[in-house]
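An overview of the molecular structure
Next come the chains, spelled out residue by residue.
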Amino acid sequence: MIKELLGFLAMSSIMTQAYALSIYPIPVMLEKNKAYLNIEDEGARYQATIYRWTQENGEDKLIPVKDDEMVVFPNIFKANGKKSIKIIYLAKDNDDKKEKAYRLILDELDVKKIEDKDKNTLKLQKSLSIPVFIPAKNEILRADITCKDNTITIENKGNTHLKIIGIGDKQITDYVLPDSKKSYQVESKKGMITFEKFKQEYECN
């Protein structure tokens, strides 16, 4: 699910005319262990669930969190006009050397009757995945880039996420978390990778 939504959720806000939906800010950056996410919709009901976000072998993984780590309030709500939900980090730890990454999943709940026998069934419609970060105290941005046989590997050697917005002439949106790496196919053996905050050249062997 994450891969399909990464490009869609990379903007500073989500706006879809068909659903009159607006969500901002994206990503969510916690300050002093709390943040607010604003949602504007035409009366849709949502369920919000928070997950710890990790990456293994280039794949995104979501791990459920306990209520004593992070909570979302309210976790079920109706977005009639503008609605703000609060995200609070509760864990008692002093590890601020590396950024912490989470995903907030918003599932729309449709309570309309489908059939009489299913009148108590909740039907999921829109499902959105929002990046949530707790920043490191001192941000370090570092990307190690290697390229072999037209395959680029980007390894995050820093302590904060790398947001990729372009590889060569191709526009993409993806994240590489600290201590993780991802690979991408390229047509040109030499070019530029555009990150959110800097650019870096690559050259294939």
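Residues numbered from 1 in each chain as written. Predicted model: local features only at pLDDT ≥ 70, side-chain atom pairs only at ≥ 80, totals over all residues. Heavy atoms only, no water.

Named according to an unreviewed UniProt entry, the chain is P pilus assembly protein, chaperone PapD originating from Venenivibrio stagnispumantis.

What to know about the overall build of the chain
Within the chain, the regular secondary structure consists of one helix and 16 strands. Within the chain, buried positions represent 43% of all 205 residues. For the chain, contacts bridging at least 24 residues in sequence account for 58% of all contacts bridging at least 6. For the chain, the computed accessible surface area is about 12200 Å², with 46% contributed by carbon and sulfur atoms. (Helix = DSSP H or I, 4+ residues; strand = E, 2+ residues; numbered from the N terminus. Buried < 20%, exposed > 50% of the residue type's maximum accessible area, 1.4 Å probe, protein only. Contact = heavy atoms within 4.5 Å. Areas by Shrake-Rupley, 256 points an atom, 1.4 Å probe, with all protein chains shown as cover.)

Describing the sheet that holds strand β11 (residues 151–156)
Spatial ordering of the open sheet is given by β10-β11-β14, a layout of three strands whose pairing is antiparallel. Only two strands of the sheet have a single neighbouring strand rather than two, namely β10 (143–148) and β14 (181–185). Neighbour-to-neighbour, the strand axes of this sheet turn through a mean angle of 20°, independent of strand direction. As judged from the five bridges shared by β11 and β14, these two strands associate in the antiparallel manner. For I154, the partnering residue across the bridge sits in β14 and is K182. (Pairing = 2+ DSSP bridges. Axes fitted to C-alpha atoms, helices over the stretch in contact; angles between N-to-C directions.)

A short note on the nonpolar core
Of all hydrophobic cores here, the largest spans 27 residues; its most connected members are I23, L30, L37, I39, I85, L104 and L106. Those elements that place two or more of their residues in this core are β2 (21–24), β4 (34–56), β6 (70–73), β7 (76–89), β8 (100–110) and β9 (123–134). Counting residues per element, this core draws most heavily on β4, which supplies seven residues. Apart from residues lying up to four places away in sequence, I85 is in contact with A35, Y36, L37, I39, A48, V72, F73, P74, F77, L104 and L106. If you look at the next biggest cluster of nonpolar residues, it comprises 16 residues, including I154, I167, F195 and Y202. (Core = buried A, V, L, I, M, F, W, Y, C linked by side-chain atoms within 4.5 Å.)

Focus on the sheet that holds strand β12 (residues 162–167)
With antiparallel pairing, the four strands of this open sheet are ordered in space as β13-β12-β15-β16. Sheet topology places β13 (170–176) and β16 (199–203) at the edges, where each strand pairs with a single neighbour. Neighbouring strand axes in the sheet, compared pairwise and without regard to direction, differ in orientation by 30° on average. As defined by bridge partners, strand β15 (residues 190–195) adjoins β16 across five bridges and the pair is classed as antiparallel. If you follow T194 over to β16, its bridge partner there is K199.

Considerations on the side chain of D41
For D41, the location among the structural elements is in strand β4. Judged by relative accessible area, which is 6%, D41 ranks as buried. A distance of 2.5 Å separates polar atoms of two side chains, one belonging to D41 and the other to Y46. (Polar contact = N/O pair within 3.5 Å; in protein donor to acceptor, adjacent residues only side chain to side chain.)

Looking at the environment of E42
For E42, the position within the fold is in strand β4. With 39 residues separating them in the primary sequence, E42 and G81 have C-alpha atoms 5.9 Å apart.

A look at the pairing of β13
Across five bridges, the pairing between β12 and β13 is antiparallel. Within β13, the position partnered with K163 by the bridge is Y175. Hairpin connection between β12 and β13: a loop of two residues separates the two successive antiparallel strands, and G168 in this loop has a positive phi of roughly 60°.

A look at the packing of aromatic side chains
Taken as a whole and assessed by the stated rule, the structure comprises six aromatic pairs. A centroid spacing of 6.0 Å and a plane angle of 45° characterise the contact between F133 and Y175, whose relative ring orientation is tilted. Here Y175 lies in strand β13 and F133 lies in strand β9, a separation of 42 residues in the sequence. Under the relative-accessibility criterion, F133 is labelled buried at 0%. Judged by its relative accessible area of 0%, Y175 falls in the buried class. Ring pairs connect the aromatic residues W53, F133 and Y175, which therefore count as one cluster. A cation sits over an aromatic face here: R103 above W53, 4.1 Å from the ring centre. (Phe/Tyr/Trp six-rings, centres within 6.5 Å; stacked < 30°, edge-to-face > 60°. Lys NZ or Arg CZ within 6 Å of the ring centre and 35° of its normal.)

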